[in-house]
Amino acid sequence: MPTSAFFAVLRDVAKLAAAAADDVAKQAGKMTAAADDVAVLTGRAAVKTAGIAADDLAVGASKMTGVSPAQELPAIWRIFRASALNKTWLIALVLLVDALFPLGIQLALVAGGLYLAHEGGKVLLERMGWASARKEAPLTDEQKIRGAIATDVVLSLEILVISLTVAAAAPFAQKLAVLVAMSALMTVGIYGLVAALVRLDDWGLALTRAPAPSRQALGRRIVAAAPKVLQALGPIGVVAMLAVAGGIFTHLVHLQYPHWVLAFLGDTLVGAAIGLTLAGGARLLPQRAAAG
């Protein structure tokens with residue numbers, strides 16, 4: 001009897017262990033499937049937000065133009081930390097708004113689109129010779145850094161809101177995972193590239209001191225190209241800003257284009273029209289008030 005009882009207990013333990021192992025395998029399968037879903041949703045969100053990422057990259061690098069060389073990397077590090085903090089509280093905000101007031105997500109998109117269009121419209125007015133009559137002093141390094149951080153808040157919000165719409169049908173845990181993954185991907189990727197771009201001339205200069213003539217020639221080309229690359233980032237950032245803003249509004253009205261080139265041009269024109277209207281109105285109102 002004791003022997004049979006021992007083997008009975010042993011069988012029960014074996015059954016419990018097998019059941020536990022089966023549960024662990026099922027849970028592991030579910031976690032793997034959930035991770036796959038998060039990866040797929042993050043990939044889709046990255047594609048949807050590629051335009052905003054390009055805008056963030058161009059704006060971030062253009063903001064560093066004119067910053068003293070000794071302050072470039074410290075400034076980028078400061079903006080990077082602020083961007084990471086921005087995305088942390090923005091994730092909590094968009095998830096809360098999505099749960100309590102889903103319409104608020106659309107309103108946030110519209111507000112961000114209006115801000116981007118207005119900022120792009122101001123640059124267009126200046127390029128067209130319609131600058132403000134008031135002479136503005138050149139921005140200091142501190143003002144450029146604060147401007148970059150303020151713009152990052154808007155662009156980060158747009159990235160997170162669009163990512164949330166991609167994962168709209170997913171469970172809460174997957175939504176959170178997608179937003180965290182997108183935040184890490186965009187913050188590290190964008191500001192890593194910004195740091196690389198602003199130090200491009202230093203890399204080229206280092207290559208010119210290499211012993212190999214081929215590396216020296218490459219270094220000279222990089223040194224010559226670096227100012228042109230940085231100078232081109234300003235216009236690229238403005239175009240990207242207007243395209244993102246216009247894309248927000250064309251998406252809201254479900255406007256479809258037959259080709260992505262036409263979509264880009266159409267979105268840019270819509271963003272420019274809205275931006276010029278907002279920026280022009282913002283400059284005309286004070287003048288009329290003063291005249292009155």
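Per chain, the residues get numbers from 1 upward, laid out in the order the sequence is written. Given that this is a predicted model, residues contribute local features only at a pLDDT of at least 70 and side-chain atom pairs are listed and counted only at 80 or more, while totals for whole chains, interfaces and linings are drawn from all residues. Processing note: side-chain calculations cover all non-hydrogen atoms of the structure and skip hydrogens and water entirely.

**Q** What should I look at first to understand the overall build of the protein chain in this one?
**A** Each helix and strand in the protein chain was counted, giving nine helices and zero strands. For helices the rule is a DSSP run of H or I covering at least 4 residues; for strands it is a run of E covering at least 2, with both sets numbered from the N terminus onward. Seen in sequence order, the protein chain has helices and strands lined up from the N terminus as α-α-α-α-α-α-α-α-α. Each residue gets one of three labels from its accessible area relative to the maximum for its type: buried under 20%, exposed over 50%, partly exposed in between, using a 1.4 Å probe on protein chains only. Counting the 292 residues in the protein chain, one finds 34% classified as buried. Working rule for contacts: check all heavy atoms of both residues, and any pair within 4.5 Å makes them a contact. Sequence separation of 24 or more characterises 82% of the internal contacts of the protein chain that already satisfy a separation of 6 or more. In short, Shrake-Rupley with a 1.4 Å probe defines the accessible areas, and a residue's cover is counted only from the protein chains shown. When the accessible area of the protein chain is evaluated, it comes to approximately 16900 Å², of which 71% is carbon and sulfur surface.

**Q** Which parts of the structure should I look at to understand empty space enclosed by the protein?
**A** Sizing a probe to match a water molecule and rolling it over the atoms shows the empty space that remains. A cavity here means a set of points on a 1 Å grid, drawn over the protein atoms and nothing else, where a 1.4 Å probe fits but cannot get out; a pocket is an open set with protein on both sides within 12 Å along at least five of seven lines, and a residue lines either one if it has an atom within 4 Å of a point. Grid points are joined across faces, edges and corners, and a volume is the space filled by probe spheres set on the points. If you walk through the whole model with that rule in mind, you get one cavity of 30 Å³ or more. Every residue lining the largest cavity is listed: Asp-56, Val-59, Gly-60, Ala-148, Thr-151, Asp-152, Leu-155 and Tyr-191. At the level of secondary structure, the elements contributing two or more residues to the lining of the largest cavity comprise helix H2 (50–63) and helix H5 (141–166). The dominant element in the lining of the largest cavity, judged by the number of residues it contributes, is H5, at four residues.

**Q** Sorry, what's going on with the environment of Pro-227 here?
**A** Tracing the backbone through its elements, the reader meets Pro-227 in helix H8 (residues 213–252). Given the relative accessible area of 49%, Pro-227 is considered partly exposed. On a C-alpha basis, the gap between Pro-227 and Val-198 in space is 9.3 Å, while along the polypeptide they are 29 residues apart.

**Q** How should the nonpolar core be read in this particular structure?
**A** A general tendency of soluble globular proteins is for nonpolar side chains to be buried together. Within the largest apolar cluster, 47 residues are counted, with the highest numbers of intra-cluster contacts made by Met-64, Ile-76, Ile-79, Val-94, Leu-116, Leu-179 and Val-194. Looking at this core, the elements with two or more residues in it are helix H1 (2–48), H2, helix H3 (69–100), helix H4 (103–127), H5, helix H6 (172–198) and H8. Element by element, the count of residues in this core is highest for H5, at eleven residues. Here Met-64 is in contact with Glu-72, Ala-75, Ile-76, Ile-79, Val-194 and Val-198, once residues within four sequence places are set aside. Working definition of a nonpolar core: buried Ala, Val, Leu, Ile, Met, Phe, Trp, Tyr and Cys residues. They are joined through side-chain atoms within 4.5 Å.

**Q** What is the right way to read the packing of H4 against H8 from this model?
**A** Lines are fitted to the C-alpha atoms to define the axes, a helix being fitted only along its stretch in contact, and any angle between axes, read from their N-to-C directions, falls within 0 to 180 degrees. Orientation of H4 relative to H8, taken along the N-to-C sense of each, is 140 degrees, at an axis distance of 8 Å. Crossing angle aside, the handedness with which H4 passes H8 is left-handed. Split by residue class, the contact of H4 with H8 holds 16 nonpolar, four polar and two charged. Handedness of a crossing is defined here by the sense of rotation of the near helix relative to the far one, left-handed for an anticlockwise turn of less than a right angle and right-handed for a clockwise turn. Side-chain classes are defined by residue name, with Ala, Val, Leu, Ile, Met, Phe, Trp, Tyr, Cys and Pro counting as nonpolar, Asp, Glu, Lys and Arg as charged, and the others, Gly among them, as polar.

**Q** How should I be thinking about the packing of aromatic side chains in this particular structure?
**A** For this analysis, a ring pair means two rings from Phe, Tyr or Trp (six-membered ring only for Trp) whose centres lie within 6.5 Å, classed as stacked if their planes differ by under 30 degrees, edge-to-face if by over 60, and tilted for the remaining angles. A complete count under the given rule lists one aromatic pair for this structure. Consider the rings of Trp-77 and Phe-80, whose centres lie 5.4 Å apart with planes at 15 degrees: the pair is stacked. A residue pair is termed a helical-turn pair when its members lie 3 or 4 positions apart in one helix, as Trp-77 and Phe-80 do in helix H3 at three residues.

**Q** Where do I start with the pattern of salt bridges in this structure?
**A** Pairing is possible between side chains that carry opposite charge, provided their charged atoms lie close to one another. Each reported salt bridge corresponds to a side-chain nitrogen of Lys or Arg within 4 Å of a carboxyl oxygen of Asp or Glu. All told, the structure shown has seven salt bridges when counted by the stated rule. One salt bridge connects Asp-152 with Lys-87, and the closest N-O pair in it is separated by 3.9 Å. With Asp-152 in helix H5 and Lys-87 in helix H3, this pair connects stretches of sequence that are 65 residues apart. Accessibility classification places Asp-152 together with Lys-87 in one group, the buried group. Among the ionic pairs, Arg-283 bridges to Glu-126, the shortest N-O distance being 3.6 Å. Note that Arg-283 is positioned in helix H9 (residues 260–291) and Glu-126 in helix H4, a separation of 157 residues in sequence. Note on Glu-126: relative accessible area 46%, which makes it partly exposed. One salt-bridge network, held together by shared partners, links Arg-78, Glu-142 and Arg-146.

**Q** Help me understand the packing of H3 against H6, please; the structure alone is not making it clear to me.
**A** Helix-helix packing is characterised by the crossing angle of the two axes and by the distance between the axes. It is the contact of H3 with H6, at a shortest axis distance of 10 Å, that shows an interaxial angle of 160 degrees. Comparing their axes, H6 and H3 come out roughly antiparallel. Crossing angle aside, the handedness with which H3 passes H6 is right-handed. Its residues placed into classes, the contact of H3 with H6 shows 18 nonpolar, three polar and four charged. These descriptions rest on fixed angle ranges, namely under 35 degrees for roughly parallel, over 145 for roughly antiparallel, 65 to 115 for roughly perpendicular, and the rest for oblique.

**Q** Explain the environment of Leu-176 here, please?
**A** Mapping Leu-176 onto the fold places it in helix H6. In the structure, Leu-176 is positioned twelve residues away from Leu-164 in sequence and 8.8 Å away in space, judged by C-alpha atoms. The residues touching Leu-176, leaving out its near neighbours within four places in the chain, are Ile-91 and Leu-95.

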